[in-house]
Amino acid sequence: MYIEGVYGRLIVQVVHRGEDLPHLLDRLIPSLTRSTTSEIELWALDYSSGAHRELPTSFDRVTVHWFGQIRDGDCGFGENHNFLFQARGTNDDFVILNPDCILNNGAIDRLVATKLLSARAAIVEGRQWPFEHPKEVDPLTNETPWASGAFALIDGRFYAECGGMDEGYFMYLEDVDLSWRAWLSGHSVVYESRAVVAHFSGGQFYRPDVISMEEHYGLRNFLRLAYKFFGEEGERRAINLLEENGGVRGAGQAIADYKALLKERVTPIAGNVSHPRVKILGVNRFHQLRLSLIPE
Amino acid sequence: MIYVVARSAESGAIFLDRHNSFRGKIEVLTGQTSYFNVINHVIDLCPDGYCVIVHDDVFLRSGFVEELPNLIEKLDRDWPNWGLVGNAGIAPFGVGYSGERIIRYLSDPHGGPNWTESVVPAETLDGNLLLLNIASLRRKSIRVPDFFGFQMYDIIFSIEVIVAGLAVLVAPDLACFHASAGSQSDFDVAAISDSARIHIASRLLNSRVMFLNGVIDLKDVTLQFVDHQRFELGLQSLRNAQVGRSNKSLTVVTRTRFNRRGMLERCIETVAMFKGRSTSVDVSHVVVSTFESNDSLSRFPDVSFLRAPTDSRKDDRFRLVKWIANEVDSDYLLFLDDDDWLFPNAAEFISLLVALAPHGSSFFFDTRHFSEKFIDEVSDSLPALVSPGRKFEAKLFVGCFSGHNHIPFCGAILPKSTVSTIPDSLVESITLFEDFATLLYCMTRESFSPVVVDVLLAGISIRGDGQTVFSTDRTRWNESMAVLSAEISRGVVSSRLNSLPQLALRYSGRDLRFIESMLDVARESHYHAIRDVNRMRATWSWRITRPFRVLFRAVVPSRLRRTQDPLR
């Protein structure tokens, strides 16, 4: 554990678009200072193209390291976060945070405290408000099969040892991939419900007449994840899940894209993956459901 | 110039005779094989800045041509980015008591006009009559694909105009009679054309597109274009319509006693997020109270904290509604309790709606209850536990006329000009149900113009403790309802529309009774048929002849028996 890094100066990584800057400046960064008593280093990266205003280099207790687009063309979520991690050149633990969040008071300190108590924890995930993810959480250990990348504390040494996020997903499900690799390497993934972040995630706002990028990438990457961890059999079962009962919306295109663009670049994990936390129970469902959290 | 697309020289001549007073301005186009080509031809060659394209079975009213310059002047002034205008189409939002997205300013065999007065942004238009801004269309190099035939040209033309960045509108000034219902079967065939669907899918993010005759389903083709730059039709239609227009103003009003500081901070943060994403409405947030404000809220410099005068003998909640409506300078008001919050996700869409809907509209949105448990209800901003609960749907707003409130206060954006005229007598006589009384008052004004949007606007905290709505002693609520009922009955917040829900129930009940009676008839017929068959099987003649039937089935192959079927 690298608690020295965490406590001395707390590191937060955010990748954002230029249009997120007003929210970062007016809401997210002020909430950062209320979420912890530590000094904060904010490592931020604007992945959108074009010239954008930079973040100021300091803001109250927050020191800012800001980067523009790392290369021409689109860079994915994992690639951008890996860049920030490598740019730092240390293996300190860090908080990963979506740019459209507002942290509750003391939220990061609660993540840190939980990580100190969970020796094996590679990832400690906070709770999202108002729509908490309805995934299973062990009532005794607070362990959970996977952690969302919207707000979580990540063990820096684990991140370095596992090579960071798998950049092949581009967007969506790289957090599940990272969580599964944590479990398979002997670490744990822990949920801290007292560390709360306001995050108005899109799921409840998807329109029935528009297929979102998240939906498409989610389905495509679902196949990639299944193939990577469970091989040809996993891929076959994932395709069956997409196609059964008349097919999931957008399944055909997702399967075609996966086969044309992704599959040949994936190397399945050798041997049979067998771990009670690493499981596929449905399309993009890697957990039992807590029904009380699902809107009617 | 008015271009008439005529099926024959004869029908063109009939159109000219019918509109003899301005036949000099009419050019009849005959022998066409493609309405798409007509549109491209007109854009290329029309000598004027504006023109109209009509079907030959349209009846224009007298004065149509004389009044056209007035409409163009109005469009240039109020909708400077306009490109295409029709008299019927699909709006990105619902209007009227039915929350209808179809706007009709015409009569045809399907029906008559269903809306009045206002120019409304549209996603797709009906092509019976189209007014083209030729100069703008040329400036944007807009053309339609050279498909054959006379179907879908209007939908594709509307989409091309929106994708190119111009506004598509429906205007009452173009009202006419169209003596054709169109051919639904022709349309249904065209709607499954792969060429048309692929063309539309390459332009739009939408997986289905609505138009007057139905829906075009793009689900199976839309993801082929996932890497293309595409637009969400409704949002882009509104963005284009707003170009060159001024913003409206919206004041979010939060009434508080400063006894739930954490939740109030949460409320303020979410309003700020909503404000940050609102592009076309100037949003301000006013926190109003009869109590002293809390010093810790000084970190919100953009929020106005107003202290209202109080009458300490009485609950002030309704008085604050009226007081703030007279205090702020704003087009619209949204009342958000200090334990409610706004969802910022659809802020741009909502701000465009508010900016573009007819002035003085009342807007209804979806809201949802959330059961919350706080460790410290005074200072905590976010709850220790939360689970989503009941959803209140905007489209049910008309149910408020039934005497029961169907719309939480935070689910409505109301015109300030109306709220400010709530009679003092009403304000002074009602304590609780002030939200319902305010809604009913707005809904029963002559100027009431509802806009219905099925997006989630606000979350409502349900905790049980400390919320008056859960108090077991209903005396104060019952007293308020007694007053409200009396006020409705006396006509202060009333109109004849109060009978509307009852009427709807009666009609729907009549439909149900009709279906039940049909079911009874079917059941009875079934019963009689079975009884008759059984009677026949019981007769001696049927029993005696049974061996012959058995023999027939055994000897004659089933294939031959099937071929005999038509002969029986």
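Residues numbered from 1 in each chain as written. Chains lettered and ligands numbered in written order. Predicted model: local features only at pLDDT ≥ 70, side-chain atom pairs only at ≥ 80, totals over all residues. Heavy atoms only, no water.

### Examining the overall build of chain A
Spelled out, the test is: For the purposes of this entry, the term helix denotes a DSSP run of H or I that reaches at least four residues, the term strand denotes a run of E that reaches at least two, and both are numbered from the N terminus. We take the radius of gyration over the C-alpha atoms and set the globule estimate at 2.2 Å times the residue count to the 0.38 power. Exposure categories follow from relative accessible area, calculated using a 1.4 Å probe and restricted to protein chains: below 20% of the type maximum is buried, above 50% is exposed, and the middle band is partly exposed.
Helix and strand counts for chain A come out as eight helices and nine strands. In terms of C-alpha radius of gyration, chain A reaches 19 Å, essentially the compact-globule figure of 19 Å for 296 residues. Dimensions along the principal axes, computed over C-alpha positions, put chain A at roughly 55 × 45 × 40 Å. Burial status across chain A gives 56% buried among its 296 residues.

### Re the overall build of chain B
The secondary structure content of chain B amounts to 20 helices and 24 strands. Over its C-alpha atoms, taken along the principal directions, chain B stretches across nearly 95 × 85 × 50 Å. Relative to its 568 residues, chain B shows a buried fraction of 51%.

### Considerations on a nonpolar patch on the surface
Stated precisely, the cut-off is as follows: Nonpolar side chains (Val, Leu, Ile, Met, Phe, Trp, Tyr) are joined into patches within 5 Å and like charges within 9 Å, using only residues with over 30% relative accessible area and no salt bridge. In this description, accessible areas are obtained by the Shrake-Rupley approach with a 1.4 Å probe, and a residue is regarded as covered only by the protein chains that are shown. Only one rule defines a salt bridge in this text: a Lys or Arg side-chain nitrogen within 4 Å of an Asp or Glu carboxyl oxygen.
Taken together, the side chains of Phe 514, Ile 515, Met 518 and Leu 519 of chain B define a hydrophobic patch exposed on the protein surface, amounting to about 410 Å² of accessible area. Within the element layout of this structure, Ile 515 of chain B appears in helix H17 (residues 500-538).

### Focus: the interface of chain B and chain A
In plain terms, the rule: Contacts are assigned to residue pairs that have any heavy atoms within 4.5 Å of one another. Summed over both partners, the accessible area (1.4 Å probe) lost when two parts come together is defined as the buried area. We define a polar contact as two N or O atoms separated by no more than 3.5 Å, with the added condition that, inside protein, one atom must be a possible hydrogen donor and the other a possible acceptor, whereas residues neighbouring each other in sequence contribute only through side-chain atom pairs.
Chain B puts 39 residues into the contact, and the matching count from chain A is 35 residues. Surface buried jointly by chain B and chain A totals about 3000 Å² across both partners, of which 61% is contributed by carbon and sulfur atoms. Considering only the surface of chain B that becomes buried against chain A, Leu 223, Met 273 and Leu 382 of chain B emerge as the three largest contributors, covering 21% of it. Connecting chain B to chain A are two salt bridges. A salt bridge links Glu 269 of chain B to Arg 34 of chain A, with the nearest nitrogen and oxygen atoms 3.2 Å apart. For the interface between chain B and chain A, the tally reads eight residue pairs in polar contact (both at pLDDT 80 or more).

### Re the packing of aromatic side chains
Filter applied, for reference: Only Phe, Tyr and Trp rings take part, Trp by its six-membered ring, and two of them pair if their centres are within 6.5 Å. Stacked means planes under 30 degrees apart, edge-to-face means over 60, and tilted covers everything else. Criterion for a charge above a ring: Lys NZ or Arg CZ within 6 Å of the ring centre, and within 35 degrees of the ring normal.
Under the defined criterion, the tally for this structure stands at 33 aromatic pairs over all chains. Ring centres of Phe 200 of chain A and Phe 343 of chain B lie 5.6 Å apart, and the angle between their planes is 80°; on these two criteria the pair is classed as edge-to-face. Of this pair, Phe 200 of chain A sits in the loop between strand E9 (188-199) and helix H7 (213-243) while Phe 343 of chain B sits in the loop between strand E20 (340-342) and helix H12 (347-356), placing the two residues on different chains. Residue Phe 343 of chain B is classed as buried on the basis of its relative accessible area, which comes to 1%. Plain terms: the ring middles of Tyr 97 of chain B and Phe 401 of chain B are 6.1 Å apart, the flat faces sit at 55° to each other, and that makes the pair tilted. In this pair, Tyr 97 of chain B sits in the loop between strand E6 (88-95) and strand E7 (100-104) while Phe 401 of chain B sits in the loop between strand E22 (385-392) and strand E23 (412-415), placing the two residues 304 residues apart along the sequence. For Arg 18 of chain B, the ring lying beneath its charged end belongs to Phe 59 of chain B, and the centroid distance is 3.8 Å. Above the face of the Trp 79 of chain B ring, Arg 245 of chain B is positioned so that its terminal group lies 3.9 Å from the ring centre.

### Concerning the side chain of Arg 181 of chain A
Along the chain, the position of Arg 181 of chain A falls in helix H6 (residues 174-184). Judged by relative accessible area, Arg 181 of chain A falls into the buried class, the value being 15%.

### Structural notes on the pattern of salt bridges
Residue and element names in this part refer to chain B. Scanning the entire structure with this criterion turns up 54 salt bridges over all chains. For the salt bridge of Arg 266 with Glu 372, the shortest nitrogen-to-oxygen distance reads 2.8 Å. Placement of Arg 266 in helix H10 (residues 261-277) and of Glu 372 in strand E21 (residues 362-373) is noted, with a sequence separation of 106 residues between them. Neither residue differs from the other here; Arg 266 and Glu 372 are each classed as buried.

### Observations concerning the sheet that holds strand E13 (residues 176-178) of chain B
Hydrogen bonding along the main chain pairs the strands of a sheet, whether they run parallel or antiparallel. Residue and element names in this part refer to chain B. Where we set the bar: For two strands to be treated as a pair, DSSP must find at least two bridges joining them.
What the three strands build is an open sheet, ordered E4-E13-E8; its pairing is mixed. Two strands in the sheet have a free side with no partner beyond their single neighbour: strand E4 (58-59) and strand E8 (106-107). Sheet topology places E8 next to E13; two bridges connect them, and they run parallel. Within E13, the residue paired with Ser 107 across the bridge is Phe 177.

### Quick look at the nonpolar core
Convention followed: What is meant by a nonpolar core is a set of buried Ala, Val, Leu, Ile, Met, Phe, Trp, Tyr and Cys residues, joined one to another through side-chain atoms within 4.5 Å.
Core analysis: the largest hydrophobic core is formed by 118 residues, its most contacted members being Ile 2, Leu 132 and Phe 157 of chain B. Leave out the neighbours within four places in its chain, and Ile 2 of chain B touches Phe 22, Lys 25, Ile 26, Glu 27, Val 52, Val 54, Leu 60, Phe 64 and Val 65 of chain B.

### Quick word on the pairing of E23 of chain B
Residue and element names in this part refer to chain B. Of the two faces of E23, both are covered, the one formed by Ala 412 and Leu 414 as well as the one formed by Ile 413 and Pro 415. When strand E19 (residues 332-335) meets E23, the two strands line up antiparallel, connected through three bridges. Considered in E23, the bridge of Leu 334 is made with Ile 413. By the bridge criterion, two bridges tie E21 to E23 in an arrangement that is antiparallel. Within E23, the residue paired with Phe 364 across the bridge is Ala 412.

### Section: the sheet that holds strand E2 (residues 26-29) of chain B
All names here are of chain B. Defined as follows: Working convention: axes come from line fits to C-alpha atoms, limited for helices to the stretch in contact. Angles between N-to-C directions cover 0 to 180 degrees.
With mixed pairing, the seven strands of this open sheet are ordered in space as E2-E1-E3-E11-E5-E12-E9. Two strands close off the open sheet at either side, each with one partner strand: E2 and strand E9 (120-121). As defined by bridge partners, strand E1 (residues 2-5) adjoins strand E3 (residues 50-55) across four bridges and the pair is classed as parallel. Its bridge partner lying in E3, Ile 2 is registered against Val 52. The sheet contacts of helix H1 (residues 9-18) involve E1, E2 and E3, and relative to E2 the element is tilted by about 165°.

### A short note on the packing of H6 of chain A against H7 of chain A
All names here are of chain A. Let me state the cut-off plainly: Should an angle fall under 35 degrees it is taken as roughly parallel, and over 145 as roughly antiparallel, whereas 65 to 115 is taken as roughly perpendicular and any remaining angle as oblique. Note on convention: near helix rotated counterclockwise from far helix by under a right angle means a left-handed crossing. Clockwise means right-handed. Note on residue categories: nonpolar means Ala, Val, Leu, Ile, Met, Phe, Trp, Tyr, Cys or Pro, charged means Asp, Glu, Lys or Arg, and polar means any other residue, Gly included.
Orientation of H6 relative to H7, taken along the N-to-C sense of each, is 15°, at an axis distance of 11 Å. Overall, the two elements H6 and H7 adopt an arrangement that is roughly parallel. The crossing of H6 and H7 is right-handed. Two secondary-structure elements touch here, H6 through Val 176, Asp 177, Trp 180, Arg 181 and Leu 184 and H7 through Leu 225, Lys 228, Phe 229 and Phe 230. Of the residues that constitute the contact of H6 with H7, the class distribution is six nonpolar, no polar and three charged.

### Regarding the confidence of the model for chain A
Caution applies to low-pLDDT parts of the model: their predicted coordinates are not meant to be read in detail. Residues and elements named next belong to chain A. Note the following rule: For every residue, the predictor assigns a confidence score, pLDDT, that lies between 0 and 100.
Per-residue pLDDT for chain A has a mean of 90; in total, 96% of the residues score no lower than 70. Across chain A, the secondary-structure element scoring lowest on mean pLDDT is helix H1 (residues 3-8), at 52, and the one scoring highest is strand E8 (residues 151-154), at 98. Ignoring residues within four places in sequence, the model shows residues 1-6, a span with pLDDT below 50, making 13 contacts including any to other chains.

### Here's the deal with the confidence of the model for chain B
Residue and element names in this part refer to chain B. Here chain B averages 87 in pLDDT, and 92% of its residues register 70 or above. In this model, residues 563-568 is a region of pLDDT below 50 whose contacts with residues beyond four sequence positions or in other chains number one contact. For this predicted complex, the interface confidence score (ipTM) comes to 0.89, while the overall pTM stands at 0.86.

### Section: unusual backbone geometry
The residue after Trp 129 of chain A, namely Pro 130 of chain A, is reached through a cis peptide bond having omega 5°. Considering the arrangement of structural elements, one finds Pro 130 of chain A in the loop between strand E7 (121-129) and E8. Despite not being glycine, Asp 60 of chain A has its phi angle at roughly 55°, a positive value. Structurally, Asp 60 of chain A is set in the loop between strand E3 (58-59) and strand E4 (62-67). Residues other than glycine seldom take positive phi values, yet Phe 433 of chain B does so here, at roughly 60°. Looking at where Phe 433 of chain B falls in the secondary structure, it is placed in the loop between helix H14 (424-429) and helix H15 (434-443).

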